[in-house]
Every structure is written in structure tokens, then in C-alpha cells.
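# Examination of the molecular architecture
One letter stands for each residue in the lines below.
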Amino acid sequence: MGNAILFIDDEDIVLKSSRRIFAGADYQIDTASSGEEGLAKARTGGYDVVVTDLKMPGLGGMEILKALRKELPETTVIIFTGYSSVDTAREALKNGAFDYIPKPFTPEELRSVVANACEARRNAAGAKMLDLMAI
């Protein structure tokens, strides 16, 4: 099985679309319909990539990003949002987000960002192995 990806969004249509976009691809896809549910799943699910909406009732994407950076720094986090701005993009990237995707996005855009995140994880793991071999 490929990379495990968790999508967190309070809009069911976004979650369904995300599942459909990755149907048949070599990814294990899971979804959560709130920030609280998503963070709980992320803490226990062993996900490689978490894609979270920025603005949700209760726990938002920026809080999820900060919690995961602190608790599970090896998890790659991508923020997507219908409320994109230079300030929120800058804040997300400064806090360790891999990328920031404004909504609406095309299936190709989402696939590309997720593929880049998975490739970066593989390259980082390879670099760590080379570092160990150098020692």
C-alpha cells in the first residue's frame, strides 16, 4: 500500500471529492469532518500526509498544523483553504506546512501537491539513510 493520507475538512463535498480524486491511486485515503476528529486520527493513524482545511468550526487547520509539528514532526502537512491570503499562506509555511492550496483547486493540482509531498518524504528518508551510512 502507498502513502497514508488524511483529509480534514468540514465540507462533506470536499472530502468526497478528495476520495474520488485519489480513487485507484496507490494511496490509503482517510477523512475527518472536523478539526478535532482529524487531529485525533492523525495522532493515532500513522499518516504520512495530512491535508487540512484552514477554517473550520472549532479546531482550525493552523492549530492542527502547530500540534502536528510539535507532536508528530515527521508528518507532512498541507493546508487548503477557500479563504486564501498572502498572510495566511506565509503563516502556514512559517509554521511548517509543506504547501498551501487555495480552493477551488483542480484534481491535477491536488494530485501534484500530494505527489510532491510524498516524494519529498521519500527523499528525506533516503538522505537520512545516506547520513547513517556516512557515519
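Our structure's up above, just so we're on the same page.
Here's a quick rundown of the structure. What you are looking at is a predicted structure, and each value in this text was computed from that prediction instead of being measured. (Residues numbered from 1 in each chain as written. Predicted model: local features only at pLDDT ≥ 70, side-chain atom pairs only at ≥ 80, totals over all residues. Heavy atoms only, no water.)

Within the protein, the regular secondary structure consists of five helices and five strands. Secondary structure elements of the protein, listed N to C terminal, follow the sequence β-α-β-α-β-α-β-α-β-α. For a compact globule of 135 residues, the expected C-alpha radius of gyration is about 14 Å, and the protein comes in at 15 Å, within 12% of that figure. Each principal axis of the C-alpha atoms in the protein carries an extent, and together these give about 50 × 35 × 30 Å. Within the protein, the fraction of its 135 residues that count as buried is 43%. In the protein, the proportion of contacts linking residues at least 24 apart, taken out of those at least 6 apart, comes to 62%. For the protein, the exposed surface amounts to about 7300 Å²; the carbon and sulfur share of it is 55%. Counting 16 positive and 20 negative side-chain charges, the protein places the centres of these two groups 2 Å from one another. (Helix = DSSP H or I, 4+ residues; strand = E, 2+ residues; numbered from the N terminus. Rg over C-alpha atoms; globule rule 2.2 N^0.38 Å. Buried < 20%, exposed > 50% of the residue type's maximum accessible area, 1.4 Å probe, protein only. Contact = heavy atoms within 4.5 Å. Areas by Shrake-Rupley, 256 points an atom, 1.4 Å probe, with all protein chains shown as cover. Lys, Arg positive; Asp, Glu negative; His and termini not counted. Charge placed at Lys NZ, Arg CZ, Asp CG, Glu CD.)

It is worth spelling out the sheet that holds strand β1 (residues 3-8) at this point. With respect to topology, five strands assemble into an open sheet ordered β2-β1-β3-β4-β5, the strand pairing being parallel. If you trace the sheet from one side to the other, it starts and ends with β2 (27-32) and β5 (99-102), each paired once. With strand direction ignored, the average angle separating the axes of adjacent strands in the sheet is 20°. Where strand β3 (residues 49-53) meets strand β4 (residues 76-81), five bridges bridge the pair, whose relative direction is parallel. (Pairing = 2+ DSSP bridges. Axes fitted to C-alpha atoms, helices over the stretch in contact; angles between N-to-C directions.)

Helix α3 (residues 61-71) packs onto helix α2 (residues 35-45) with a crossing angle of 15° between their chain directions and a minimal axis gap of 11 Å. Classed by the angle they form, the pair α2 and α3 counts as roughly parallel. At the point where α2 passes α3, the crossing takes the right-handed sense. Taken together, the residues of α3 that come into contact with α2 (itself represented by G35, L39, A42 and R43) are I64, A67, L68 and E71. Of the residues belonging to the contact of α2 with α3, the class tally is five nonpolar, one polar and two charged. (Parallel < 35°, antiparallel > 145°, perpendicular 65-115°, else oblique. Left-handed = near helix turned anticlockwise from the far one by under 90°. Nonpolar A, V, L, I, M, F, W, Y, C, P; charged D, E, K, R; others polar.)

Its place among the elements puts F105 in the loop between β5 and α5 (107-134). Sequence separation between F105 and E91 is 14 residues, and the spatial gap between their C-alpha atoms is 20 Å.

Before going further, it helps to examine the packing of aromatic side chains. Within the structure shown, the criterion is met by three aromatic pairs. Between F7 and F22 the ring centres are 5.7 Å apart and the planes differ by 35°, which places this aromatic pair in the tilted class. Taken together, the residues F7 in strand β1 and F22 in the loop between α1 (12-21) and β2 connect sequence positions 15 residues apart. Grouping residues by exposure puts F7 and F22 together as buried. Ring geometry for F80 against F105: centres 5.5 Å apart, planes inclined by 10°, an arrangement best described as stacked. One end of the pair, F80, is in strand β4; the other, F105, is in the loop between β5 and α5, and 25 residues separate them in sequence. There is no split in this pair, since F80 and F105 are both buried. Here the aromatic cluster, defined as three or more aromatic residues joined through ring pairs, consists of F7, F22 and Y27. (Phe/Tyr/Trp six-rings, centres within 6.5 Å; stacked < 30°, edge-to-face > 60°.)

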